[in-house]
Protein chains: 2
Amino acid sequence: MFIIYGNFIHTPVRGELEVLSNHLMVVDQGIIVLLSSEFTNDANPTTLVSHVMSKFPGTTLTSLLFVSRHQFIVPGMIDTHVHAPQFVFHGSATGVPLMEWLHQNTFPAESKMKDVDYAKTVWKREASQALADEIERRRQRGYVGKINMDRNSIPEYIEDTQESIDETEKFLQYVLEKKNPLIRPVITPRFIPTCSPHLLAGLGELAEKYGVHVQSHIAESDDQMAFVEELHPRETDTEIFEKSGLLTPLTVMAHGTHLRPSDVQKLVSHRTAVASCPLSNFFFSGKILPLQRYHSEGLTIGLGSDLAGGYAASMLHSVRNSVIASRNIPSPQPGDAFDFRTGFWHATVGGAKALSLDKLGCFRVGMEFDALMIDVSIVEDGPPTHGVDTFEGDTTEVMFEKWVNCGDERNIKRVWVAGELILKRE
Amino acid sequence: MFIIYGNFIHTPVRGELEVLSNHLMVVDQGIIVLLSSEFTNDANPTTLVSHVMSKFPGTTLTSLLFVSRHQFIVPGMIDTHVHAPQFVFHGSATGVPLMEWLHQNTFPAESKMKDVDYAKTVWKREASQALADEIERRRQRGYVGKINMDRNSIPEYIEDTQESIDETEKFLQYVLEKKNPLIRPVITPRFIPTCSPHLLAGLGELAEKYGVHVQSHIAESDDQMAFVEELHPRETDTEIFEKSGLLTPLTVMAHGTHLRPSDVQKLVSHRTAVASCPLSNFFFSGKILPLQRYHSEGLTIGLGSDLAGGYAASMLHSVRNSVIASRNIPSPQPGDAFDFRTGFWHATVGGAKALSLDKLGCFRVGMEFDALMIDVSIVEDGPPTHGVDTFEGDTTEVMFEKWVNCGDERNIKRVWVAGELILKRE
């Protein structure tokens with residue numbers, strides 16, 4: 001059990017920032033067990049500790065952390081769509097259409113993940129298992145998929161349909177056997193153009209059998225839409241996913257910028273979520289997701305970096321670009337635009353909802369403690385420390401907004417996952 | 001005289017990146033006097049020095065710098081529109097319309113620059129003079145203005161018309177008397193809503209008398225356009241600036257997102273440039289500058305941070321957001337979208353043209369040496385160093401693109417202004 005005393009900032013209600021000033025928080029076994037404003041004017045360690053001990057007699061206190069004036073605690077942000085093997089070329093290759101980009105950069109880079117000591121059909125599973133192992137080793141929370149493709153990719157990267165299904169099942173079993181609640185396997189057909197109906201049906205059966213998450217790409221770009229139309233005349237990719245049993249409440253579909261109204265309704269009715277990746281969409285979609293409207297229609301929407309479709313690894317960029325995108329929807333309707341508060345909500349609460357992580361996204365008693373300690377103080381006369389400059393009179397809310405807009409990883413001083421401190425930087 | 005040997009990257013032709021691999025550059029008295037590919041395969045210091053000494057006998061070599069494989073030299077970027085006194089609140093206040101934002105944040109923040117020991121009519125001049133002094137002290141290149149407003153601002157910030165003109169003349173004289181070619185005064189009427197026709201006419205006369213630069217804001221947003229229409233029925237702000245003598249070849253007008261076709265033609269015919277500030281425009285303009293089209297119509301366009309209308313101080317953000325903006329022009333025409341190369345051109349060559357700095361923007365013999373040394377190497381196992389990750393096989397061009405998209409000030413290891421090394425970081 002540990003105590004944190006200071007400022008907490010989160011967005012439990014979409015579009016609204018809540019600053020919990022000088023609050024006392026107690027975390028036990030990864031769960032927030034106390035969040036109190038009782039001591040807002042009294043940060044005396046003795047008082048705090050004796051209060052906590054009287055509330056939870058017989059427990060052991062492991063630490064008491066005071067968060068200073070230029071620091072605050074925020075919920076961990078949730079990246080709902082990221083391509084691990086594309087990290088190598090993030091920041092480059094930003095000038096070509098989607099299908100060309102996939103063939104020129106993505107498929108070759110990803111196929112390098114092949115382990116030459118293994119047969120072709122297993123290489124992708126081995127790599128994905130290694131990623132799950134690494135996430136576990138680093139005590140992070142991570143949902144990992146093994147890509148499926150049995151057509152229209154580069155030859156070295158195409159799998160036999162049945163082997164692709166069998167390998168996926170082995171991968172699901174491998175990750176599930178970890179019995180680590182932080183690591184979950186995700187069924188990952190790349191997208192309709194590279195997956196035959198037979199493969200999709202097989203994956204749909206696995207999704208049902210194991211009750212696991214599903215992810216893919218949906219209605220992303222003109223060239224991808226045209227390819228689906230060519231392969232499956234008169235069917236949208238939403239309809240194809242639906243009949244394959246791949247639209248479930250545990251499914252997160254990336255992009256959705258070219259969804260038709262009936263597709264949106266299908267996703268809503270299956271409680272399938274969308275991972276909105278605004279930076280990637282600027283480059284590859286040729287269209288902006290009407291996030292505000294789809295949210296009001298009942299669609300659950302998280303944010304994703306889509307690394308390397310988007311060039312930025314930090315979720316702060318997804319927040320910033322969701323705001324920029326919201327200002328640029330063709331013929332904006334009043335209320336279509338939103339600000340950093342709504343963007344941050346989608347990066348935290350929205351992402352948690354998208355992944356059915358109902359104990360994450362904001363700070364409430366009974367919820368899991370995934371959090372960052374942010375520091376926006378300036379090191380006087382030192383080398384540059386981070387992009388945030390604060391001044392006398394800046395409120396905690398202003399410091400938070402400056403961090404969302406101008407901050408970077410240098411501001412992150414501590415990271416907790418499920419109550420465990422996994423990064424501490426002085 | 002000094003020698004640099006290594007990779008130089010610039011965009012002398014719009015949209016085209018030129019990588020000068022392993023080139024020898026010699027700079028003397030701030031001017032590039034030699035740029036040679038003769039020693040691309042021979043970086044022997046003795047050979048280089050003896051070659052340079054034979055070309056320039058009798059001169060003194062002060063240094064010989066080898067730029068390593070993960071480093072490259074780029075031209076200094078030129079911010080053509082930035083509000084110094086708004087630095088204090090950059091990153092905040094991003095959720096309100098322009099006219100409201102000005103009254104709630106900008107005018108109060110700027111009016112704090114007032115020096116209480118001076119009479120109201122001089123405070124702004126004193127602050128601007130102090131800024132010019134500071135830029136000079138730091139050996140930077142900087143063009144500085146003293147804002148003029150004689151109506152429609154907060155009371156403490158409005159000047160008497162004639163005093164505003166007189167103070168401007170004193171400010172021009174103060175800066176011109178420095179006789180420092182790096183520091184120039186700029187006549188700076190804020191924008192039409194806050195400047196009476198009498199004030200504008202007086203400033204137009206000063207522009208002609210002293211032959212100095214002019215800057216202001218033009219056609220920025222719906223609410224500002226509506227205000228101009230109310231104050232000056234049947235006249236655009238372009239027309240009002242024109243008849244005041246403020247559209248000159250030394251004028252840079254910020255934004256221009258709401259220009260009418262006839263306004264664009266007026267700017268072109270006066271050889272007046274536009275400072276495009278894409279990040280700011282996302283928040284305040286409600287419209288995107290058709291940069292590609294205006295460029296093809298002959299308009300000179302630089303990029304600006306518009307700090308704090310835009311929340312990012314680094315010009316890299318202006319480049320990135322110019323690319324994002326280009327992908328989101330309503331009903332884009334083929335060719336409207338451009339990539340990091342064109343964005344970088346506008347931040348260097350375009351900015352130099354906008355400010356009539358004809359010896360800046362790219363690397364050629366005879367041009368001034370304003371440059372940055374960029375380092376994209378990763379510090380293994382150290383704390384995070386910067387947002388750029390490079391991998392084996394990354395070409396210099398890929399490293400440059402990654403820096404433009406993901407880099408930050410940590411990558412800047414040296415800064416030269418007019419050949420003088422003003423920042424050196426190990």
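Residues numbered from 1 in each chain as written. Chains lettered and ligands numbered in written order. Predicted model: local features only at pLDDT ≥ 70, side-chain atom pairs only at ≥ 80, totals over all residues. Heavy atoms only, no water.

### Points about the relation of the copies chain B and chain A
Two copies of the chain are present, and they differ by a rotation about an axis and a shift along that axis.
So, step 1. Between the two copies, chain B and chain A, the superposition gives an RMSD of 0.0 Å; the rotation angle is 180° and the shift along the axis is 0.0 Å. Taken together, the rotation and translation describe the operation of a two-fold axis.
So, step 2. The fraction of interface residues of chain B whose copies in chain A are also interface residues reaches 100%, indicating that both copies meet through the same surface. (Least-squares fit on C-alpha atoms with pLDDT ≥ 70 in both. Contact = heavy atoms within 4.5 Å.)

### Brief notes about the interface of chain B and chain A
So, step 1. At the interface, 35 residues of chain B touch 35 residues of chain A.
So, step 2. Taking both sides of the interface into account, the surface hidden between chain B and chain A amounts to around 3,100 Å²; carbon and sulfur atoms contribute 58%.
So, step 3. Our count for the contact surface shared by chain B and chain A stands at four salt bridges.
So, step 4. Along the contact surface separating chain B from chain A lie 10 residue pairs in polar contact (both at pLDDT 80 or more).
So, step 5. The set of elements that each furnish at least two residues to the side of chain B that touches chain A consists of α9 (278-284), α11 (315-326) and α13 (396-406) of chain B.
So, step 6. With five residues, α13 of chain B is the largest single contributor of residues to the side of chain B that touches chain A.
So, step 7. Looking at side-chain class alone, the side of chain B that touches chain A contains 16 nonpolar, 10 polar and nine charged residues. (Buried area = accessible area lost by both parts, 1.4 Å probe. Salt bridge = Lys/Arg side-chain N within 4 Å of Asp/Glu carboxyl O. Polar contact = N/O pair within 3.5 Å; in protein donor to acceptor, adjacent residues only side chain to side chain. Helix = DSSP H or I, 4+ residues; strand = E, 2+ residues; numbered from the N terminus. Nonpolar A, V, L, I, M, F, W, Y, C, P; charged D, E, K, R; others polar.)

### Comments concerning the pairing of strand β5 (residues 71-75) of chain A
All names here are of chain A.
So, step 1. For β5, the tally of buried residues reaches five of five residues, placing the bulk of the element in the interior.
So, step 2. Alternating positions in β5 separate into two faces, Gln-71, Ile-73 and Pro-75 on one and Phe-72 and Val-74 on the other, with burial throughout.
So, step 3. The pairing of β5 with strand β12 (residues 371-375) spans five bridges and is classified as antiparallel. Directly across from Ile-73, in β12, lies its bridge partner Met-373. (Buried < 20%, exposed > 50% of the residue type's maximum accessible area, 1.4 Å probe, protein only. Pairing = 2+ DSSP bridges.)

### Here's the deal with empty space enclosed by the protein
So, step 1. Scanning the entire structure with this criterion turns up eight cavities of 30 Å³ or more.
So, step 2. Estimates place the volume of the largest cavity at around 130 Å³.
So, step 3. Along its surface, the largest cavity is lined by Leu-279, Tyr-311, His-317, Arg-320, Asn-321 and Ile-324 of chain A together with Leu-279, Tyr-311, His-317, Arg-320, Asn-321 and Ile-324 of chain B.
So, step 4. Here the residues of the lining of the largest cavity are counted per class, giving six nonpolar, four polar and two charged. (1 Å grid on protein atoms, 1.4 Å probe; cavity = no way out; pocket = protein on both sides within 12 Å on 5 of 7 lines; lining within 4 Å. Points joined across faces, edges and corners; volume = space filled by probe spheres on them.)

### Concerning the sheet that holds strand β7 (residues 183-189) of chain A
Paired through their backbone hydrogen bonds, the strands of a sheet run either parallel or antiparallel.
All names here are of chain A.
So, step 1. An order of β6-β7-β8-β9-β10-β11 is seen for the six strands of this open sheet, with the pairing classed as parallel. Of all strands in the sheet, those bounded by a partner on one side alone are β6 (142-148) and β11 (301-303). Here the average twist between neighbouring strands, direction ignored, is 30°.
So, step 2. Here two bridges tie β7 to strand β8 (residues 213-218), and the two strands are oriented parallel to one another. Bridged to Ile-187 within β8 is Val-214.
So, step 3. Here helix α4 (residues 161-176) sits on the sheet in contact with β6 and β7, set at roughly 165° to β7.
So, step 4. Across the sheet, helix α5 (residues 197-210) lies against β6, β7 and β8, angled at about 155° from β7, the strand it touches most. (Axes fitted to C-alpha atoms, helices over the stretch in contact; angles between N-to-C directions.)

### Concerning the environment of Pro-290 of chain B
All names here are of chain B.
So, step 1. Relative to the helices and strands, Pro-290 is located in the loop between α9 and α10 (291-296).
So, step 2. Under the relative-accessibility criterion, Pro-290 is labelled buried at 9%.
So, step 3. When the C-alpha positions of Pro-290 and Phe-89 are compared, they lie 29 Å apart, and in sequence the two are 201 residues distant.

### Quick notes on the packing of aromatic side chains
So, step 1. Under the counting rule described, the total for this entry stands at 32 aromatic pairs over all chains.
So, step 2. When the centroid spacing of 5.8 Å and the interplanar angle of 55° are considered together, the rings of Phe-400 of chain A and Trp-403 of chain A count as tilted. Of this pair, Phe-400 of chain A and Trp-403 of chain A are both found in helix α13 (residues 396-406), three residues apart, which corresponds to roughly one turn of the helix.
So, step 3. A relative accessible area of 0% places Phe-400 of chain A in the buried class.
So, step 4. Taking the centre distance of 5.8 Å and the plane angle of 65° together, the rings of Phe-283 of chain B and Tyr-311 of chain B count as edge-to-face. Taken together, the residues span a long stretch of sequence, with Phe-283 of chain B in helix α9 and Tyr-311 of chain B in the loop between β11 (301-303) and α11 at a distance of 28 residues. The two residues Phe-283 of chain B and Tyr-311 of chain B agree in class, both being buried.
So, step 5. Members of the aromatic cluster, connected to one another through ring pairs, are Phe-2, Phe-8, Phe-363, Phe-369 and Trp-416 of chain A. (Phe/Tyr/Trp six-rings, centres within 6.5 Å; stacked < 30°, edge-to-face > 60°.)

### Some points on the nonpolar core
So, step 1. Counting 177 residues, the largest nonpolar core has Phe-400 and Trp-403 of chain A together with Phe-400 and Trp-403 of chain B as its most contacted members.
So, step 2. Contacts of Phe-400 of chain A, omitting those with residues within four sequence positions, involve Ile-9, Leu-17, Phe-72, Val-74, Phe-340 and Phe-344 of chain A. (Core = buried A, V, L, I, M, F, W, Y, C linked by side-chain atoms within 4.5 Å.)

### Quick notes on the pairing of strand β7 (residues 183-189) of chain B
Residues and elements named next belong to chain B.
So, step 1. When you tally the buried positions in β7, you get six out of seven residues, the bulk of the element.
So, step 2. As paired elements, strand β6 (residues 142-148) and β7 share seven bridges and run parallel to each other. By the bridge assignment, Val-144 is partnered in β7 with Pro-185.
So, step 3. Handedness of the β6-helix α4 (residues 161-176)-β7 crossover: right-handed. (Right-handed = clockwise from strand over helix to strand, strands pointing away.)

### Digging into the sheet that holds β6 of chain B
Residues and elements named next belong to chain B.
So, step 1. If you trace the six strands from one edge of the open sheet to the other, you get β6-β7-β8-β9-β10-β11, paired in parallel fashion. Edge positions in the open sheet fall to β6 and β11, since each of these has one partner strand only. Adjacent strand axes in the sheet meet at a mean angle of 30° when their direction is disregarded.
So, step 2. With respect to the sheet, helix α12 (residues 340-354) is in contact with β9 (251-255), β10 (273-276) and β11, its orientation differing from that of β11 by roughly 120°.

### A closer look at the environment of Glu-235 of chain B
Residue and element names in this part refer to chain B.
So, step 1. Inspection of the secondary structure assignment puts Glu-235 in the loop between α6 (222-231) and α7 (237-243).
So, step 2. Between the C-alpha atom of Glu-235 and that of Leu-64, which follows or precedes it by 171 residues, the distance is 58 Å.
So, step 3. In this view, Glu-235 contacts Val-228, Ile-240 and Lys-243; residues no more than four positions away in its chain are not counted.
So, step 4. Here the side chain of Glu-235 touches Lys-243 through a polar contact of 2.5 Å, side chain to side chain.

### A look at the packing of α11 of chain B against α12 of chain B
When two helices pack together, their arrangement is given by the angle between their axes and by how far apart the axes lie.
All names here are of chain B.
So, step 1. Look at α11 against α12: their axes get within 8 Å of each other, and the N-to-C directions meet at 130°. The pairing of α11 with α12 is recorded here as oblique in orientation. Between α11 and α12 lies a crossing whose hand is right-handed. Across the interface between the two elements, Met-315, Val-319, Ser-322 and Val-323 from α11 touch Phe-340, Gly-343, Phe-344 and Ala-347 from α12.
So, step 2. The class makeup of the residues in the contact of α11 with α12 is six nonpolar, two polar and no charged. (Parallel < 35°, antiparallel > 145°, perpendicular 65-115°, else oblique. Left-handed = near helix turned anticlockwise from the far one by under 90°.)

### Section: the domain arrangement of chain A
Residue and element names in this part refer to chain A.
So, step 1. As far as domains go, chain A holds domain 1 (2-76 + 362-424) and domain 2 (84-354).
So, step 2. The C-alpha centroid of domain 2 is placed 32 Å from the C-alpha centroid of domain 1.
So, step 3. Taken together, the contact between domain 1 and domain 2 spans 27 residues of the former and 19 residues of the latter.
So, step 4. With both sides pooled, the region where domain 1 packs onto domain 2 buries about 2,000 Å², and carbon together with sulfur makes up 57% of that total.
So, step 5. A per-residue breakdown of the area domain 1 buries against domain 2 is headed by Thr-11, Arg-14 and Val-404, which together make up 34% of the total.
So, step 6. For the pair domain 1 and domain 2, the number of links is four salt bridges. (Domains from an automatic or database assignment.)

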